[in-house]
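What follows is each chain in one-letter form.
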Amino acid sequence: MTSSGAALTHALGAVAAAASRVPGQARPAVLAERPDATVVRGGRLVAKAHAPGTDPGELALRLRVAAHPLLDGVLLPPAPLPDHGGALSTVLLGRTVSLWPLGEPVDRDDPDSAPWAEAGALLARLHTVPPTRLPGPPPQMRGPVSAARAVARMLAAGPGDPAVLAAWHGLPPWARGEAPQPRQVLCHGDLHMGQLVRHPAPDGPWCLIDVDDLGLGEPVWDLARPAMWFAAGLLDPADWGRFLGAYRAGGGPAVPADGDPWPHLDAAARALAVQTAATAVAKAAQEGRALDGAEQSVLDTCRRIAEVKCSSTPGDDPRPARTRR
């Protein structure tokens, strides 16, 4: 850890510990340390330093949305910063910082316990919140922009994989972050199992965390990563069925209440496959290694995608035949 990273970690731990009324905690517990975020626990709270370059105004608005009563039980609400007049964010050592209650994450060592049905139900509730009743209006959902950044990172690390680039250029402009998204629904923007926690910990109800990509946009994006995993053969069909069934039962608007959802999920699932593959290719290039098995599976999905024109027709289904149902 660099000296600046250590200073940030110490400062975040002090903020969380002071807010938890346990000042003087000897060693903060680092829960995550990545280029785009550092998360440190102090007592029963965690402090998060958001990605460098985060727009403080947009983040403040996202935090206000997460704290709104309409999102109670859907999004984990941020905690006020007591030493900053109860604000929901501040700037610390050049990074925008927010404070959150401690939650119990999904057990990575027990994939069978992953709450797929609960995730689908939470997304349905999120997608049916009337945006006009929220602070704002909320900013745009950043999922497609994140996908574009992943492709840019791949190209910065080398020439890029031709199949990934072909799949990327076959996407509609909205899925590449180059045009307005078709619908304006409140979306999470970066759904995966790491974005759910039980609160209160350790056995409270599940809720969604991480508001960095939260905003108005196309709701199919929030279903796209599980759909892509299913297409790549990385998500068990039963788990996919529980997720999709709970979403439909909750009245989620991303897909029709019955029938084949794939024509509606197609473009977003392709975009998430590209994003995942581009990230894997870039990481492997930077680390000077070959792709691992899971990374290769996603890359193979991108290659299937590159063979067909990106559209909304069932005939352009990139899924392996064994997963189509």
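Residues numbered from 1 in each chain as written. Predicted model: local features only at pLDDT ≥ 70, side-chain atom pairs only at ≥ 80, totals over all residues. Heavy atoms only, no water.

## Observations concerning the sheet that holds strand 5 (residues 95–101)
Thinking step 1. Ordered by their spatial adjacency, five strands build an open sheet running 1-2-3-5-4, and the pairing between neighbours is antiparallel. Every other strand in the sheet has two partners, leaving strand 1 (29–34) and strand 4 (89–92) as the edge strands with one partner each. The average undirected angle you get between the axes of adjacent strands in this sheet is 25°.
Thinking step 2. Relative to strand 3 (residues 45–49), strand 2 (residues 37–42) is paired through five bridges, and the arrangement is antiparallel. Pairing of G42 across the sheet is with L45, part of strand 3. (Pairing = 2+ DSSP bridges. Helix = DSSP H or I, 4+ residues; strand = E, 2+ residues; numbered from the N terminus. Axes fitted to C-alpha atoms, helices over the stretch in contact; angles between N-to-C directions.)

## Some remarks on the sheet that holds strand 6 (residues 104–105)
Thinking step 1. Spatially, three strands are ordered 6-8-9 in an open sheet, and the strand pairing comes out antiparallel. Edge positions in the sheet fall to strand 6 and strand 9 (206–208), since each has one partner strand and no second.
Thinking step 2. By the bridge criterion, two bridges tie strand 6 to strand 8 (residues 196–198) in an arrangement that is antiparallel. Residue pairing across strands places E104 opposite R198, the latter belonging to strand 8.
Thinking step 3. Together, strand 8 and strand 9 form the strand contacts of helix 3 (residues 116–127), whose direction differs from that of strand 9 by roughly 50°. (Contact = heavy atoms within 4.5 Å.)

## A closer look at the pairing of strand 3
Thinking step 1. Of all the five residues making up strand 3, five are buried; the element is thus mostly covered by neighbouring parts of the structure.
Thinking step 2. Burial along strand 3 is two-sided: L45, A47 and A49 facing one way and V46 and K48 facing the other are all buried.
Thinking step 3. Following strand 2, the chain reverses through two residues before pairing antiparallel with strand 3; G43 in that reversal takes a positive phi of roughly 70°.
Thinking step 4. Bridge count for strand 3 against strand 5 is five bridges, and the pairing is antiparallel. (Buried < 20%, exposed > 50% of the residue type's maximum accessible area, 1.4 Å probe, protein only.)

## Considerations on the pairing of strand 4
Thinking step 1. Here strand 4 runs beside strand 5; their pairing, made up of four bridges, is antiparallel. Pairing of T90 across the sheet is with V97, part of strand 5.
Thinking step 2. Counted along the chain from strand 4 to the antiparallel partner strand 5, the turn is two residues long, and its residue L93 has a positive phi close to 50°.

## Describing the pattern of salt bridges
Thinking step 1. Within this structure, the stated rule accounts for 14 salt bridges.
Thinking step 2. D212 is the salt-bridge partner of K48, the closest N and O atoms lying 2.5 Å from each other. Of this pair, K48 sits in strand 3 while D212 is found in the loop between strand 9 and strand 10 (215–217), placing the two residues 164 residues apart along the sequence.
Thinking step 3. Look at K48 and you get buried, because its relative accessible area is 11%.
Thinking step 4. Of the charged contacts in the structure, one is a salt bridge between R176 and E178, with a shortest N-O distance of 2.8 Å.
Thinking step 5. Looking at E178, the relative accessible area reads 54%, which means it is exposed. (Salt bridge = Lys/Arg side-chain N within 4 Å of Asp/Glu carboxyl O.)

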